[in-house]
Amino acid sequence: MKTRVHAIAGGIGFLMILLFWTSTTLTELFASHETVATVKALILRGMFILIPAMVIAGGSGMTLGKNRTDALASAKRKRMPVIAANGLLILLPAAWFLAGKAAAGEFDTVFYAVQVVELCAGAANLTMMGLNIRDGLTMTGRLGRFNAQSAGVGQPIIEERPSGPLVAKNVPRLTGAAGERLDVQPVMALCRCGQSKTKPYCDGSHNDIGFVSEPSPGRTPDELRVFKGKRIDVHYNRLLCSHAGECGKRLNAVFDTTRDPWIVPDNAAPDQIRDTVQACPSGALSWSEPGGMAIHICGKDPEITLERNGPFRVTRIRLASGVQTEGASADKYALCRCGASKNKPFCDGSHSEIGWTEQSA
């Protein structure tokens with residue numbers, strides 16, 4: 001709700017200043033003094049709409065961005081006081097002064113000098129407000145949707161917006177938890193705070209709840225363990241594990257969390273273990289010949305699949321920041337969708353612990 005109020009108020013403020021600036025320029029270039037006087041009087045009255053809109057936009061913007069430390073939020077915070085000071089110290093007094101001079105028919109050197117100052121201040125505010133609108137759309141992931149056609153055809157990629165959505169570009173397939181094909185666009189903002197009302201797409205809720213995308217201090221250690229067998233070795237990095245439980249369901253003789261070590265490669269045939277490694281959605285598991293290099297088994301096609309009440313399962317799509325963990329695969333990983341993972345951007349199974357569901361909001 002706060003996000004919508006902020007966007008509406010900011011949009012009204014921008015359009016009002018644009019209207020004031022355009023009408024002033026056109027009337028003073030092409031219209032009579034009487035028309036100029038009428039426009040100046042209307043602009044002064046319009047301040048009763050502009051000022052509340054700017055107060056609401058500034059206040060809601062500060063509230064939404066108070067917990068954000070990324071560059072876009074910082075830039076918006078720096079512009080807001082300048083926009084406010086420009087409006088209160090220059091635009092409002094100039095509008096009042098010019099309306100009075102125009103009503104009295106005093107179109108002298110002082111009138112036009114103040115008019116130039118007002119136009120320059122208005123242009124400066126329009127520029128800064130336009131930048132804020134652009135950054136706001138970028139932070140919510142909506143800018144990509146507006147520029148979808150300009151994105152062109154390229155390699156699929158997922159970008160992480162700081163404390164914002166996952167922006168998926170050129171992804172050919174988005175599959176729902178029931179196997180249904182979901183709507184795809186050249187650029188999509190996907191929710192990872194867990195609170196969007198339009199899941200799996202972002203609706204800006206991350207701003208309302210103060211979502212933070214940085215990993216928690218208690219993040220799982222980045223450690224690759226190798227469980228050795230006579231015919232096959234199994235590699236495992238717990239940092240990547242989404243705890244989907246596919247390994248235990250499919251091959252409990254090898255993968256059993258109730259014992260130590262929990263992986264015993266000699267308890268099944270190598271082909272069975274390779275099939276189970278392939279079923280692992282997070283890339284936490286890989287295999288090798290004894291003493292060899294780890295091998296991941298991934299799907300052939302680029303795709304994002306929604307695990308029911310769980311993470312985004314990603315195959316063959318590059319993560320822009322890189323899957324920078326020991327023994328990881330760039331072609332298979334699971335990204336947190338509930339917002340609670342300590343290992344962001346990767347899922348750590350927290351969705352099960354907190355009882356997160358598709359309906360959570």
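For the structure given in this document, a descriptive report is provided here.

Here's the deal with the overall build of the protein
- Along the protein, the regular secondary structure elements total ten helices and eleven strands.
- For 361 residues, the compact-globule estimate of 2.2 N^0.38 gives 21 Å, and the C-alpha radius of gyration of the protein, at 28 Å, exceeds that figure by more than 25%.
- By principal-axis analysis of the C-alpha atoms, the protein measures approximately 100 × 40 × 35 Å.
- Within the protein, the proportion of its 361 residues that are buried is 47%.
- The long-range fraction of contacts in the protein, counting pairs at least 24 apart against all pairs at least 6 apart in sequence, stands at 61%.
- Looking at the protein as shown, the accessible area adds up to about 17600 Å², and 60% of this sits on carbon and sulfur atoms.

Brief notes about the sheet that holds strand β2 (residues 166–169)
- The strand order β4-β2-β1-β10 describes an open sheet built from four strands, whose pairing is mixed. A strand with exactly one partner marks an edge of an open sheet, and here the two such strands are β4 (187–190) and β10 (318–319).
- As paired elements, β2 and β4 share four bridges and run antiparallel to each other. Bridge assignment links A168 to a residue of β4, and that residue is M188.

With respect to the pattern of salt bridges
- In the structure shown here, the tally under the stated rule is 14 salt bridges.
- In this structure, the salt-bridge partner of E160 is R192, at a minimum N-O distance of 3.9 Å. Of this pair, E160 sits in strand β1 (residues 157–160) while R192 sits in the loop between β4 and α7 (205–209), and the two are 32 residues apart along the sequence.
- As a salt-bridge pair, E303 and R173 come within 3.2 Å of each other at their nearest N and O atoms. Here E303 is found in strand β8 (residues 303–306), whereas its partner R173 is found in the loop between β2 and β3 (174–175), with 130 residues between them in sequence.

Considering the packing of aromatic side chains
- A full pass over the atoms with the stated rule returns four aromatic pairs.
- Summarising the aromatic geometry, the rings of F107 and F111 are spaced 5.0 Å apart at their centres and angled 70 degrees between planes, so their arrangement reads as edge-to-face.
- Ring geometry for F255 against W262: centres 6.0 Å apart, planes inclined by 55 degrees, an arrangement best described as tilted.
- Overall, F255 belongs to the buried group, its relative accessible area being 1%.
- The exposure class of W262 is buried, given its relative accessible area of 13%.
- Taken together, the ring pairs connect F107, F111 and Y112 into an aromatic cluster.
- A cation over an aromatic ring shows up here: R274 above the ring of W287, its NZ or CZ 4.8 Å from the ring centre.
- Above the ring of F312, the side-chain terminus of R337 is found at 5.4 Å from the ring centroid.

So, the environment of V82
- Structurally, the position occupied by V82 is in helix α3 (residues 71–103).
- In this structure V82 comes out as partly exposed when scored by relative accessible area, which is 42%.
- For the pair formed by V82 and A124, sequence separation is 42 residues and the distance between their alpha carbons is 9.6 Å.
- V82 has contacts with N125 and M128, leaving out every residue within four places of it along the chain.

Focus on the sheet that holds β3
- The four strands are arranged β3-β8-β9-β11 in an open sheet whose pairing can be described as mixed. The two strands at the open ends of the sheet, each matched to only one other strand, are β3 and β11 (332–335).
- Inspection of the sheet shows strand β9 (residues 312–315) paired to β11 by four bridges, in the antiparallel sense. Each bridged residue has a counterpart across the sheet, and for V314 the counterpart in β11 is Y333.

The rules we used
- Numbers given to residues run from 1 along each chain, matching the order in which its sequence is written.
- Reporting of local features is limited, given that this is a predicted model, to residues whose pLDDT is at least 70; pairs of side-chain atoms are given and counted only at 80 or more, and all residues count toward the totals for whole chains, interfaces and linings.
- Think of the side-chain values as coming from all heavy atoms in the structure, minus any hydrogens and water.
- Secondary structure elements follow DSSP: runs of H or I no shorter than four residues count as helices, runs of E no shorter than two count as strands, and numbering proceeds from the N terminus.
- Using C-alpha atoms as the atom set, the radius of gyration is obtained and then compared with a globule rule of 2.2 Å times the number of residues to the power 0.38.
- Burial classification: accessible surface area is computed with a 1.4 Å probe over protein chains only, and a residue below 20% of its type maximum counts as buried, one above 50% as exposed, and the rest as partly exposed.
- We call two residues in contact when some of their heavy atoms are within 4.5 Å.
- Values of accessible area rely on a 1.4 Å probe in the Shrake-Rupley scheme; residue burial ignores everything except the protein chains shown.
- A pair of strands counts as paired when DSSP detects no fewer than two bridges linking them.
- Salt bridge, as used here, is a side-chain nitrogen of Lys or Arg placed within 4 Å of a carboxyl oxygen of Asp or Glu.
- The rule is short: rings of Phe, Tyr and Trp, with Trp giving its six-membered ring, pair when the centres are within 6.5 Å, and they are stacked under 30 degrees, edge-to-face over 60, tilted in between.
- Two thresholds decide whether a charge sits over a ring: the Lys NZ or Arg CZ must be within 6 Å of the ring centre and within 35 degrees of the ring normal.

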